[in-house]
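For reference, the chains in residue letters:
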There are 2 protein chains.
Amino acid sequence: MTDESFLGNALNGIDAKGRLSVPAAFREVLAARSDGRTLILAPAERADCLVGYDSSYPAKVRAELEARFAGDYSGARDDHFRATFGAAERVPIDENGRIIVSSAMKGTGEFDRLALFWGMGDYFEVWNPLHFVERPNLDPRAIRIVQRLLDARGTV
Amino acid sequence: MTDESFLGNALNGIDAKGRLSVPAAFREVLAARSDGRTLILAPAERADCLVGYDSSYPAKVRAELEARFAGDYSGARDDHFRATFGAAERVPIDENGRIIVSSAMKGTGEFDRLALFWGMGDYFEVWNPLHFVERPNLDPRAIRIVQRLLDARGTV
DNA sequence: TCATATTCCATAGTTTCCCATTGCCAGCCC
DNA sequence: GGGCTGGCAATGGGAAACTATGGAATATGA
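I will try to describe carefully the structure that is included in this document.

Thresholds, definitions, all that
- Residues numbered from 1 in each chain as written.
- Chains lettered and ligands numbered in written order.
- Predicted model: local features only at pLDDT ≥ 70, side-chain atom pairs only at ≥ 80, totals over all residues.
- Heavy atoms only, no water.
- 1 Å grid on protein atoms, 1.4 Å probe; cavity = no way out; pocket = protein on both sides within 12 Å on 5 of 7 lines; lining within 4 Å.
- Points joined across faces, edges and corners; volume = space filled by probe spheres on them.
- Helix = DSSP H or I, 4+ residues; strand = E, 2+ residues; numbered from the N terminus.
- Nonpolar A, V, L, I, M, F, W, Y, C, P; charged D, E, K, R; others polar.
- Near = heavy atom within 4 Å.
- Polar contact = N/O pair within 3.5 Å; in protein donor to acceptor, adjacent residues only side chain to side chain.
- Pairing = 2+ DSSP bridges.
- Axes fitted to C-alpha atoms, helices over the stretch in contact; angles between N-to-C directions.
- Contact = heavy atoms within 4.5 Å.
- Parallel < 35°, antiparallel > 145°, perpendicular 65-115°, else oblique.
- Left-handed = near helix turned anticlockwise from the far one by under 90°.
- Buried area = accessible area lost by both parts, 1.4 Å probe.
- Salt bridge = Lys/Arg side-chain N within 4 Å of Asp/Glu carboxyl O.

**A look at empty space enclosed by the protein**
Moving on, step 1. Per the stated rule, a full pass over the model turns up 1 cavity of 30 Å³ or more.
Moving on, step 2. Approximately 30 Å³ is the volume found for the largest cavity.
Moving on, step 3. Forming the walls of the largest cavity are Asn9 and Ile145 of chain A together with Ala87, Ala88, Glu89, Ala104, Met105 and Thr108 of chain B.
Moving on, step 4. It is helix H4 (residues 103–109) of chain B that provides the largest number of residues to the lining of the largest cavity, a total of 3 residues.
Moving on, step 5. The residue makeup of the lining of the largest cavity, split by class, is 5 nonpolar, 2 polar and 1 charged.

Now the structure itself:
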């Protein structure tokens, strides 16, 4: 049984045109979960990074949110839905496995030249790697992995 | 049941391309537990070595974590998922029973030329053998086993 | 028309695949 | 018992395939 979890990580470059390669390992998971020709990008709820998932995932998120806010008819509930769905984008993956990072997403993730893909099991995150390594309370093994990736790129 | 436990040990070489033979005994266990064509490698929690599982592991861990963090929408939950999935890798086993040790994993396990596989029952560990023999409080008989393996390789 | 965005093609460095070689152990025959 | 033989495990090397990425060519829109 081929497992469909997003595992592992990759540090890829964002070029002048905003193009960004989606790691091959993640493209395989996307293809196994849906058609693999698009993915969904959205601001993360609790960190300055993006979350990415296959196109079948929003339905699941909606179900989760509705359970979480069951019986809650406050403005907070609506604000949560606004942040989750309205700010998300459906992004096509081109023939070379790349996506275009819109300027809105670039702003949300505060990206520079590099994007760190990080598997989260059911979905993945896309980080500015410099923010990732400075995140407090994160497992030092994860931080060390990213620091080595940055070193390999010659970034200090 | 019995043939689904990782038992025993092996000292294998990592070649210039990062290739590493998985011991045949472990491959059999992997095949009994899942399809035997991939395994999962991750940093160990309390030692500078790697842990290896069969490929059914991510689904299991995902279910466990989701149960454990049910109703928890904090950053701590996210950090836990980050450490669990992003730092792990799915690694294919080739026709000759070998895997490729990525540079990230090489860094995490601090490997040189040799890798020591050590059965842990439900999973196995992969060590730099030189670190293994210097670990304090470890059963001296285990250390002697590894020292003999190193001697057989002509490594001092 | 010019700038911006999208599609297409090129390439360098890996990674993957395939096949060859070595060494070990078991079983077998003489 | 000693030595031959066959199978499997581990390892090495070369070639093909693929990933990530850069640049050119074409389309789109203000």
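**Observations regarding the protein's contact with DNA strand D**
Moving on, step 1. In the region of DNA strand D, 26 residues are neighbours, and Lys17, Arg19 and Arg153 of chain A together with Lys17 and Arg19 of chain B sit closest.
Moving on, step 2. In the environment of DNA strand D, a phosphate oxygen lies 3.3 Å from a nitrogen or oxygen atom belonging to the backbone of Val22 of chain A.
Moving on, step 3. Within the side chain of Arg27 of chain A, an N or O atom sits 3.1 Å from a phosphate oxygen of DNA strand D.
Moving on, step 4. Looking at the surface near DNA strand D, the elements that each hand over two or more residues are strand E1 (9–13), strand E2 (19–21) and helix H1 (24–33) of chain A together with strand E1 (9–13), strand E2 (19–21) and helix H1 (24–33) of chain B.
Moving on, step 5. When grouped by side-chain class, the residues that make up the surface near DNA strand D number 6 nonpolar, 8 polar and 12 charged.

**Some details on the sheet that holds strand E4 (residues 50–54) of chain B**
Residues and elements named next belong to chain B.
Moving on, step 1. Spatially, the 6 strands line up as an open sheet ordered E1-E7-E8-E4-E3-E5, and their pairing is antiparallel. For this open sheet the edge positions go to E1 and strand E5 (89–92), each flanked by a neighbour on one side alone. Averaged over all pairs of adjacent strands, the angle between strand axes in this sheet comes to 30°, irrespective of strand direction.
Moving on, step 2. The pairing of strand E3 (residues 38–43) with E5 spans 4 bridges and is antiparallel. Its bridge partner lying in E5, Leu41 is registered against Glu89.
Moving on, step 3. Along the sheet, helix H2 (residues 57–68) contacts E3, E4 and E5; its crossing angle with E4, the most-contacted strand, is approximately 100°.

**Description of the sheet that holds E1 of chain A**
Residues and elements named next belong to chain A.
Moving on, step 1. Pairing within the open sheet is antiparallel, and its 6 strands lie in the order E1-E7-E8-E4-E3-E5. Of all the strands in the sheet, just E1 and strand E5 (89–92) have a single pairing partner and so form its edges. When the angles between neighbouring strand axes are averaged without regard to direction, this sheet yields 30°.

**What to know about the packing of helix H2 (residues 57–68) of chain A against helix H3 (residues 75–86) of chain A**
Residues and elements named next belong to chain A.
Moving on, step 1. Across the interface, H2 lies against H3 with an axial gap of 11 Å and an inter-helix angle of 165°. Between H2 and H3, the angle is such that the two are roughly antiparallel. Our pair here, H2 against H3, has a crossing hand that is right-handed. Residues Pro58, Val61, Arg62, Leu65, Glu66 and Arg68 of H2 form the contact with H3, whose participating residues are Arg77, His80, Phe81, Thr84 and Phe85.
Moving on, step 2. Grouping the constituent residues of the contact of H2 with H3 by class yields 5 nonpolar, 2 polar and 4 charged.

**As for the interface of chain A and chain B**
Moving on, step 1. Contact residues are listed per partner, giving 29 residues for chain A and 27 residues for chain B.
Moving on, step 2. Each partner contributes to the roughly 2300 Å² buried at the junction of chain A and chain B, and carbon and sulfur atoms together form 50% of this total.
Moving on, step 3. Counting the surface chain A buries against chain B, the share from its top three residues, Leu7, Arg46 and Arg141 of chain A, is 28%.
Moving on, step 4. At the boundary of chain A with chain B, the tally comes to 4 salt bridges.

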